[in-house]
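Per-entry structural report
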Amino acid sequence: MKQLLLIALLLQTLGLQAAESVRETIRLDKGWKFAFGHAVDKQKDFGSGTEYFNYLTKANSIHNEGPYAVKFDDSAWQEVQVPHDWVTTLPYAPEASHSHGYKTVGWKYPETSVGWYRLRLMVNGEGLKVNGDCCYRLHFDGIFRNAQVWFNGFYMGTEPSGYVTQVYDITPYIKYGEENLICVRADASLEEGWFYEGAGIYRDVWLEKCAEVSVAPFGTFVYADMKYPYDVAMVHVKTEVTNGSLTTQQYEVEQQLLDADGREMAHAAGHVNALKAKETRTTQHVMNLTSPHLWSPDDPYLYKVVTTVKVDGKVVDVYETTTGLRDIAFDAEQGFLLNGKPLKLKGVNMHQDHAGVGAAIPDALQAWRIKQLKKFGCNAYRASHNPMTPALLDVCDREGILVIDENRLMGINDEHLRLLERMIKRDRNHPCIILWSDGNEEWGLENTVQGTRVAEAMREYTRLFDPTRPSTVANAGGTELIKGLDVVGFNYIVQNDVDNRKKAHPSWKIVGTEETTGCGTRGWYFNTPEFPGRMISINRTDKPGVENVIERGWKFYDERPWAAGLFYWTGFDYRGEPNPLKYPAHDSEFGILDYCGFWKDEAWYLKAWWTDEPVLHIFPHWNLQGHEGEEVEVWVYSNCDEVELTVNGKKLGRQPMPKNGHLKWKAVYQPGRVVATGYKGGKRMMTETVETTQPAFRTVLKSDRQTIAADGRDVAVITVEVQDKKGRVVPDACPLLTFQLEGNGRILGVGNGDPMYLGGDHPREKDCTTFSVPAFNGLAQVIVQSTEQASAMTLSSVSDGLKTGSITINTK
């Protein structure tokens, strides 16, 4: 009811604004009802499509009885908030899909692979003409997958892909002053990727109101022409204006360029043009900007373009586009250039799921994840293997992260090109995007002439949609498809013979789209048969060419000026593809950070060579009970010139650190202390110590933020440490933790980074205040979400035999 009142109030207010922009975008996140349908049995799927006149037979039949009918009774359905991923609460099963993390979803599980959503909302028509003088659109950022949408019983359409933005014009179907119904059916029976994808309305939903004559959805394209020394920029703005009325309208478009403080830096006016009923036309403007403030990872400066549409001299629409001005190029000799200077891409590949929430990642958690990557020096992000959610691109704009935005499926017919076009038109104003990826590892095309043809055609289509950026395809070793690319993307140097290919094709522009990290389970140093779902890092082997394999990729791309850089597989662990393991392992363990974003040892390797911060990291930890008297290797990641190691008081020697390398010593394990001393220029620079801890004594809770917004969406990411009496994290402690939340908030999800933990990590009930999960190797994570009532939220962590920890988060 609160959702209905809020929407009605906002739209009533907007309806009274005469001769002004009525544009408003309202997030539709609360008040949704959800129920499982059935992928095979139509009767269990609420009889959908079984009517004599079904939703495809007639635009809207009065005989319809399914969930899309306004009269349908959903009182027994569960109330949920979107983004929502229903797979998070499903159990694991050994016969379920390996690639999707053994969750019970997909064609084998018809009873949990279809979900229905319903939302009722009021649209107040006060101040509007009899037939309305505004346009209303429903805007879905992503529904997984094969989503069917109805409004007031009228069938709006179907979108097979789970990664594309959908926009529906609902203007003629609205009942003003009455209750309206949005209905969605999502069917996740068919996998679209080979990794965890979740299911349902897992991205944001919006109701957009605008004037009949207004900027079309994603209707602006802003880009700049400028050359070194960048003292002047010609800012181009292409604007699509659509006429939703029934008569020809006389319109004009004006543009303003505002700096980050809101000051006008440039302005352009246009001419009056005629726009026929239901017609869309494009206008073009150019604004000259002197001394442009350039966008870069170190200074991600953002401008705003304000587009004003007038009809008969009166303002009817104001549309804002956030963008940044920068000059990008890929060069066959200098690699990637940003604003005229070579910049090495230090990137990671990322899927779109997180512990406790699955694919339904809140905006604040998206921002937190990007900040964790930046801490070890990451400056680039490849969206593997699908278009990103718009909220994440906004974060990358603000944080200065360079992005490869990737298309889901290669092809040149309508089914493929409409997805490519939607991605590019939606995302092309983001300064963070430096490269479009038209596809990934299309094995059936890579070694065929058909592959060359498809790649060439997609390259040209991409240029039509955006002539300002190059495109690529990630190549797994083929020889033909890559002939048709702007930039050649190589997945793994060992299977692509990159050096010799570059010698044969010196004009090629090259980027490492994937390279292995060699990572394993966080804090896991010995193979243990009773834990078959965990694995030690591949880096910890003395096999030639494989030892510390993470440095193989970075050394290669760092040492070659013609190489743009690389993207490691992967930044975070993700659910699904637990290769080379199988059930009970359900997560890929090659992340530099685990599923919660906790650091693995390899993150310190990259921080040592990707940042200027002093780094000295010792591993393994020194709680190696059961291995007393055994010889173990002690490793150090560091950017010091030299490192000296002392184990239990015995000096094991001082070694020079090779560039982009690592060091190791052999020692006999006994409980005690390991000390590493780093030297720079012959002088002692820093010291790090690893000790055998005492038993677990307490839990300590730490939050990324002490204050969050009381908007019902914001989240605090809370790290739970299991510590001994001296405040040291106990690196092998795995006690069961029970979390209790007091105040106006809810536990949205939990995690621990254990790739074989088969318990729940997401509450079934909407407003959960108690949840349990074991810590894994000394750590756990809780994601707490606010409500719309400000308060102090206190989260407590209770565990048998341990001192209770707590933390208070304020919402306002």
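Here we summarise the structure given alongside this text. The model shown is predicted, which means the values in this text are computed figures rather than measured ones.

A few points about the overall build of the protein
Summing up its helical and strand segments, the protein has 9 helices and 47 strands in all. Each principal axis of the C-alpha distribution contributes one length, and for the protein these read about 90 × 60 × 50 Å. When each of the 812 residues of the protein is scored for burial, the buried share is 62%. Partitioning the contacts of the protein with sequence separation of at least 6, the portion at a separation of at least 24 is 70%. When the accessible surface of the protein is totalled, it reaches about 31,100 Å², and 51% of it is carbon and sulfur. Across the protein, the 87 positively charged side chains and the 105 negatively charged ones have centroids separated by 2 Å.

Some thoughts on the sheet that holds strand E1 (residues 24-27)
Pairing within the open sheet is antiparallel, and its 4 strands lie in the order E1-E10-E5-E8. Since the sheet does not close on itself, it has two edges, and those belong to E1 and strand E8 (166-169), each with one partner. On average, each strand axis in the sheet is inclined to that of its neighbour by 20°, with strand direction left out of account. In terms of strand pairing, E1 meets strand E10 (residues 205-211) through 4 bridges, oriented antiparallel. The residue bridging Glu24 from the neighbouring strand is Lys209, located in E10.

A word on the nonpolar core
Counting residues in hydrophobic clusters, the biggest one holds 106 residues, and the most contacted among them are Phe336, Leu345, Leu373, Phe376, Tyr381, Val403 and Trp622. Listed in part, the 59 residues of the second largest apolar core include Leu138, Val149, Ile201 and Tyr251.

Thoughts on the side chain of His662
Take His662: it is sitting in the loop between strand E35 (650-656) and strand E36 (663-668). Under the relative-accessibility criterion, His662 is labelled buried at 13%. Within the structure, His662 has its side chain in polar contact with the side chain of Glu547 (distance 2.7 Å). For His662, the side chain forms a polar contact with the side chain of Glu551, separated by 2.9 Å.

A word on the packing of helix H4 (residues 414-427) against helix H6 (residues 449-465)
Running from N to C, H4 and H6 point in directions that differ by 35°, and their axes come no closer than 10 Å. Taken as a pair, H4 and H6 cross one another with a handedness that is right-handed. Here Leu417, Leu420, Glu421 and Ile424 of H4 come into contact with H6, specifically with Met458, Tyr461, Thr462 and Phe465. Across the contact of H4 with H6, the residue classes tally to 6 nonpolar, 1 polar and 1 charged.

Here we look at the sheet that holds strand E22 (residues 345-350)
Around the barrel, which closes on itself, the 8 strands sit in the order E22-E23-E24-E25-E26-E27-E28-E29 with parallel pairing between neighbours. With strand direction ignored, the average angle separating the axes of adjacent strands in the sheet is 25°. With 4 bridges connecting them, strand E28 (residues 510-516) and strand E29 (residues 563-569) associate as parallel partners. Its bridge partner lying in E29, Gly512 is registered against Leu566. The sheet strands contacting helix H8 (residues 550-558) are E22, strand E27 (487-491), E28 and E29, and the helix crosses E29 at an angle near 165°.

Here we look at a nonpolar patch on the surface
A cluster of nonpolar side chains, namely Ile412, Tyr461 and Leu464, defines an oily patch on the protein surface of about 290 Å² accessible area. As for its placement among the helices and strands, Leu464 is situated in helix H6. When its relative accessible area of 66% is taken as the criterion, Leu464 is described as exposed.

Brief notes about the packing of H8 against helix H9 (residues 601-610)
Two elements in contact, H8 and H9, have axes separated by 11 Å at closest approach and are oriented at 20°. In terms of axis orientation, H8 runs roughly parallel to H9. For the pair H8 and H9, the crossing hand works out as right-handed. Facing Ile550, Glu551 and Trp554 of H8, the residues of H9 in contact are Glu602, Tyr605, Leu606, Trp609 and Trp610. Partitioning the contact of H8 with H9 into residue classes produces 6 nonpolar, no polar and 2 charged.

Some thoughts on the side chain of Thr692
With respect to the element layout, Thr692 can be found in the loop between strand E38 (683-691) and strand E39 (698-703). Engagement of the side chain of Thr692 in a polar contact is seen with the backbone oxygen of Trp622, the distance being 2.7 Å.

Regarding H6
Taking 1.5 Å per residue, 17 residues should reach 24 Å; H6 reaches 25 Å between its end C-alpha atoms and fits that length. Those residues of H6 lying buried are Gly451, Thr452, Val454, Ala455, Met458, Arg459, Thr462 and Phe465. The buried side chains of H6 occupy one side of the element, clustering within an arc of 165° when seen end-on. Opposite its buried face, H6 presents the exposed residues Arg453 and Leu464, each directed more than 90 degrees away. Packing partners of the buried residues in H6 comprise strand E11 (213-225), H4, strand E25 (433-440), helix H5 (443-446) and strand E26 (471-475).

Considerations on empty space enclosed by the protein
Evaluation of the coordinates by the stated rule reveals 4 cavities of 30 Å³ or more. Considering the residues around the largest cavity, the lining is formed by 15 residues, among which Arg575, Asn752, Asp754, Tyr757 and Asp761 are closest to the centre. Of the residues assigned to the lining of the largest cavity, the class counts are 6 nonpolar, 5 polar and 4 charged. Empty space within the second largest cavity amounts to approximately 90 Å³. Lining of the second largest cavity is provided by 14 residues; of these, Thr521, Tyr525, Ser537, Asp601 and Glu602 occupy positions nearest its centre. Here the residues of the lining of the second largest cavity sort into 4 nonpolar, 5 polar and 5 charged.

Here we look at the pairing of strand E46 (residues 791-798)
The pairing of strand E42 (residues 736-742) with E46 spans 5 bridges and is classified as antiparallel. Note that in E46 the partner of Thr738 across the bridge is Val798. Pairing between E46 and strand E47 (residues 805-811): 7 bridges, direction antiparallel. Each residue of the ladder has a partner; that of Met793, found in E47, is Ile809. In this structure, the hairpin formed by E46 and E47 is closed by a connection of 6 residues, where Gly801 is found at a positive phi of approximately 80°.

Considerations on the packing of aromatic side chains
For the coordinates displayed, the defined rule picks out 42 aromatic pairs. Judged by centre distance (5.4 Å) and plane angle (40°), the rings of Phe46 and Trp77 are tilted. Highlighted residues: Phe46 in the loop between strand E2 (32-36) and strand E3 (78-80) and Trp77 in the loop between E2 and E3, separated in sequence by 31 residues. Phe46 gets classed as partly exposed once you look at its relative accessible area, which sits at 25%. Since its relative accessible area comes to 9%, Trp77 is described here as buried. Taken together, the aromatic side chains of Phe46, Tyr55, Tyr68, Phe72, Trp77, Trp116, Trp150 and Tyr155 make up a single cluster linked through ring pairs. For Arg369, the ring lying beneath its charged end belongs to Phe572, and the centroid distance is 4.4 Å. The aromatic ring of Tyr196 is capped on one face by Arg575, whose charged end is 5.7 Å from the ring centroid.

Rules used in this analysis
Residues numbered from 1 in each chain as written. Predicted model: local features only at pLDDT ≥ 70, side-chain atom pairs only at ≥ 80, totals over all residues. Heavy atoms only, no water. Helix = DSSP H or I, 4+ residues; strand = E, 2+ residues; numbered from the N terminus. Buried < 20%, exposed > 50% of the residue type's maximum accessible area, 1.4 Å probe, protein only. Contact = heavy atoms within 4.5 Å. Areas by Shrake-Rupley, 256 points an atom, 1.4 Å probe, with all protein chains shown as cover. Lys, Arg positive; Asp, Glu negative; His and termini not counted. Charge placed at Lys NZ, Arg CZ, Asp CG, Glu CD. Pairing = 2+ DSSP bridges. Axes fitted to C-alpha atoms, helices over the stretch in contact; angles between N-to-C directions. Core = buried A, V, L, I, M, F, W, Y, C linked by side-chain atoms within 4.5 Å. Polar contact = N/O pair within 3.5 Å; in protein donor to acceptor, adjacent residues only side chain to side chain. Left-handed = near helix turned anticlockwise from the far one by under 90°. Nonpolar A, V, L, I, M, F, W, Y, C, P; charged D, E, K, R; others polar. Patch = residues over 30% accessible without salt bridge, like charges linked within 9 Å, V, L, I, M, F, W, Y side chains within 5 Å. Salt bridge = Lys/Arg side-chain N within 4 Å of Asp/Glu carboxyl O. Parallel < 35°, antiparallel > 145°, perpendicular 65-115°, else oblique. Expected span 1.5 Å × (residues − 1). Arc of directions from axis to C-beta. 1 Å grid on protein atoms, 1.4 Å probe; cavity = no way out; pocket = protein on both sides within 12 Å on 5 of 7 lines; lining within 4 Å. Points joined across faces, edges and corners; volume = space filled by probe spheres on them. Phe/Tyr/Trp six-rings, centres within 6.5 Å; stacked < 30°, edge-to-face > 60°. Lys NZ or Arg CZ within 6 Å of the ring centre and 35° of its normal.

By themselves, these figures tell us nothing about what the structure is for.
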